Amino acid sequence: MTPSRAVPAALALAAGLALAPLSAAAATPAAAGPAASGPAPAPAPAAETDRLLVKFRAGTAPGTAEDVLAARAPELAAGGPGTAPTVDGAAVLTAPGELDEDRLAALTTALQQDPEVEYAAPDVRASTAFVPNDPSYAGLQWSLWDDPAGVGMPLAWDRATGAGQTIAIVDTGITAHPDLDANVLPGYDFVSLPENGRDGDGWDADPTDMGDYPDAALCPGSPMAPASSWHGTHTAGIAAADGNNGIGVTGVAPDARILPVRAVGACSQGYISDVAAGIAWAAGAPVPGVPANANPADVVSVSLAVPGAQCPAVLQSAISEATSRGVTVVVAAGNQGIDAAGSVPANCAGAVSVAATDVSGAMPAYSNFGAVTLAAPGGDPWAQVHSTGNAGAQQQGAPTYIGRNGTSMAAPVVAGTVALVREAAPGLSPQAVRELLTSTARTAPGGCALGCGAGIVDPVSAVIAAQGGQPFTVAGGIGGLHQRIAATAGAPVSRELCALGGTPCFQEFEAGWIVWNAGTGARWLPGLLPAQWWALGAPA
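This text gives an overview of the structure that appears in the document. The shown structure was predicted, so the numbers you read here are calculated from the model rather than taken from an experiment. (Residues numbered from 1 in each chain as written. Predicted model: local features only at pLDDT ≥ 70, side-chain atom pairs only at ≥ 80, totals over all residues. Heavy atoms only, no water.)

It is worth spelling out helix H2 (residues 101-112) at this point. In this model H2 runs 16 Å from its N-terminal to its C-terminal C-alpha over 12 residues, within 8% of the 16 Å that 1.5 Å per residue would give. Lining the buried residues of H2 we find strand S2 (49-56), helix H1 (62-72), strand S3 (91-99), strand S4 (117-122) and helix H12 (476-489). (Helix = DSSP H or I, 4+ residues; strand = E, 2+ residues; numbered from the N terminus. Expected span 1.5 Å × (residues − 1). Contact = heavy atoms within 4.5 Å.)

In this structure, Ile167, Ile279, Val300, Val302, Leu315, Val330 and Val414 are the most contacted members of the largest nonpolar core, which totals 105 residues. Top contributing element to this core by residue count: helix H9 (residues 407-424), with 10 residues. Discounting residues that sit within four places of it in the chain, Val330 has contacts with Val299, Val300, Ser301, Val302, Val352, Val354, Ala411, Val414, Ala415 and Val418. Counting residues in each nonpolar core, the second largest holds 17 residues, with Ala65, Leu69, Leu104 and Val117 among its members. (Core = buried A, V, L, I, M, F, W, Y, C linked by side-chain atoms within 4.5 Å. Buried < 20%, exposed > 50% of the residue type's maximum accessible area, 1.4 Å probe, protein only.)

This part takes up the state of the cysteines. Enumeration according to the criterion identifies 4 disulfides in this entry. The partner cysteine of Cys219 in its disulfide is Cys267, sulfur to sulfur 1.9 Å. Disulfide Cys219-Cys267: torsion about the S-S bond near -80°, hence left-handed. In this pair, Cys219 is assigned in the loop between helix H5 (194-197) and helix H6 (231-240) and Cys267 in the loop between strand S7 (257-262) and helix H7 (272-282), connecting sequence segments 48 residues apart. The exposure class assigned to Cys219 is buried, which follows from its relative accessible area of 2%. The residue that forms a disulfide with Cys448 is Cys452, at a sulfur-sulfur distance of 1.7 Å. (Disulfide = S-S within 2.5 Å.)

This brings us to the side chain of Asp146. Within the secondary structure, Asp146 is located in the loop between helix H3 (135-140) and helix H4 (153-157). On the basis of relative accessible area, Asp146 is assigned to the buried category, the value being 4%. In this structure the side chain of Asp146 is engaged in a polar contact, spanning 2.9 Å, whose partner is the side chain of Arg495. (Polar contact = N/O pair within 3.5 Å; in protein donor to acceptor, adjacent residues only side chain to side chain.)

Moving on, we come to the packing of aromatic side chains. Across all of its chains, the model carries 7 aromatic pairs by this definition. Seen in terms of ring centroids, Tyr188 and Phe190 are 5.0 Å apart; in terms of plane orientation they differ by 45°. Their pairing is tilted. Taking the relative accessible area as the measure of exposure, Tyr188 reaches 9% and is therefore buried. The exposure class of Phe190 is buried, given its relative accessible area of 0%. A ring pair is formed by Phe506 and Trp533, whose centres lie 5.7 Å apart and whose planes are at 90°; its orientation type is edge-to-face. Note that Phe506 is positioned in strand S17 (residues 505-509) and Trp533 in the segment after strand S19 (521-526), a separation of 27 residues in sequence. Residue classification places Phe506 among the buried residues on the basis of a relative accessible area of 2%. Each residue in the set Tyr188, Phe190, Trp203 and Trp281 is aromatic and connected to the rest through ring pairs, giving one cluster. One residue, Arg198, lies across the ring of Tyr213, its end atom 3.5 Å from the ring centre. (Phe/Tyr/Trp six-rings, centres within 6.5 Å; stacked < 30°, edge-to-face > 60°. Lys NZ or Arg CZ within 6 Å of the ring centre and 35° of its normal.)

This brings us to the pairing of strand S5 (residues 166-171). The buried count for S5 comes to 6 of 6 residues, which makes it a mostly enclosed element. Burial of S5 is two-sided: the residues Thr166, Ala168 and Val170 facing one way and the residues Ile167, Ile169 and Asp171 facing the other way are all buried. Pairing analysis gives 6 bridges linking S5 to S7, with the strands arranged parallel. For Ala168, the partnering residue across the bridge sits in S7 and is Leu259. (Pairing = 2+ DSSP bridges.)

This next bit is on unusual backbone geometry. The step from Val344 to Pro345 runs through a cis peptide bond, and the omega angle for that step is 5°. The residue Pro345 is located in the loop between strand S11 (343-344) and strand S12 (352-357) in this model. Backbone geometry places Asn244, a non-glycine residue, at a positive phi of 60°. Here Asn244 lies in the loop between H6 and S7.

In C-alpha cells form, the structure reads like this:
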C-alpha cells in the first residue's frame, strides 16, 4: 500500500498489502486462469534402477529393435524389447543389476541417438510426493502447488520440512491461532511509542498484535481500510503454518519454528530504528535494554517497504550484523510498481529482496521490479495467497483464514524456502544460500519484462542442490527431443513442470523451452513462453 502520513520525525514503514483489501474479513480467494483445479501429480525423482523404458518408432521391426539393443545396450538385449510391454507402446527392459546414474545416462544417451528409438528413459522407482491433509491446501493454496505458477512444495516436502529451523517474522506481531501456536516461540515487541503500539508501553516481551487499524491522530487521512490487517499472523502462516494437522492451511516450512518480532503498530507504521532493532535481536545480536534472544533465527522475514533511494544506515547495520551471524534476511520488494532500487529495505546490501508473481506466473502491476534478487507467488486480487488470519475488525477476534496479495506474501515463501535449504545443509552461509536460491530459480512463465531477478524461487531444486544433487534432469518425451536437439537447446536450466491436469509440461533450456503435450508430443519453442502457456498444444 502507499505509505500513510507518519507522526513528526517518524519514517513510516507500510506493510506490503498493495491492491489487497485490508479488511480482516477478506473474502476467500478464488483461483483463476490455470489454477481452477487441484494440483497435478508430481513426477518421480531420479534414482538408481535396474530398468529402462524404451519406445521404438512405429514400424520398427522386432529384429531391428533387437539389433539396436545389442549394439547400443548389450546388457539389456538378452530378453528382447517385448518381454515387459507397458503403456505408450514402450517396453521395460531389465538389467542384471542396479545401474548407477552414470551408466543410466550412458545407456539412455546411446539409445536416444539411434534413429529407430523414439525415447529411452530410466524406469525409476517413484516415491510419494507428500501432500498434507490440511483441507485448504488442495483447493486454495495454488501458490504451493507443483505447477508453473506455484512453487512445487510436495516434492520439496519429501526432502525437507524446515525441522530444527527458526524463522523470525518482523511484522505487526502475531495473534493466537491453532495453525500457528504449536510452532511459535517467545518473541519481542519493538514498537517504541506506546500510542503506536496500543499496549501502553514501549519495547516489551509481548509480541501480540494489538491491531494496526488507522488512528485519526496518528495518520489522518490514511488510505487504509478501518479494520486491522493482522498482517504478521498472515505472513507467519505463509512461512510456517503447522502442516498435516488436519486443519486450515500449511506453510512452506511446516515444521519450522516461528519467532514473532513486532515492529509495526497503528496505521501499519513503524520506525526504521524499531525494525532495525527487531532484525538484530532476531539474529541473536545484543540490543541495549533487551534480554538476549534465547532462540536466534536462521532466517528473518521482513514484509515491509517504504520508498527510499538509499538504505538507512541503522537498517543496513542490522542486516549486515544478521548476515555476519549466518542469518539470511529476506525482504519484500515493495508494492509501489517501481524499481526496487528505490524501495527500503529491498535496496539494503545483503538482503534477499523478493518480487511477486501471480496465478499465471506473471509479475502483477503492483510489484516492485528490477533490482530484486528473485520472485515468489504473491497473488493478485482475483487469486490471493491464502493463510492464517483473525476475524476481528479492529480488536482481536476469532482465528480464521484470509486471502491477501502483495510482495509481503512473496517474502515469507522465500523465507520458508531458506528454512528448507538450511535443514538440508545446516552449515551454509547467507551468501551460499543466496547463490542456491538464484541458481535454481526459474523463469516466470507468464512473463516478467521489467525484471524478476533470477526468477521464481524453486524450493525442490534448491533443496536438491543443497544436498549435493543435480536439480535439473531431463527424461521422458522432453528428454527424447532434447537428446536430438541438445546442440540447439543447450543444457537444462529448470526442472520439468506440468500444468494442472498433467499437460502440457514444460522445461527450460539455455536457448528456449521444450513443451510436451499429451496430444502433440514434444516440440521445441525458442525464446520465451507465450503468456498463456497453459493453452499450448490445446485443440484449436
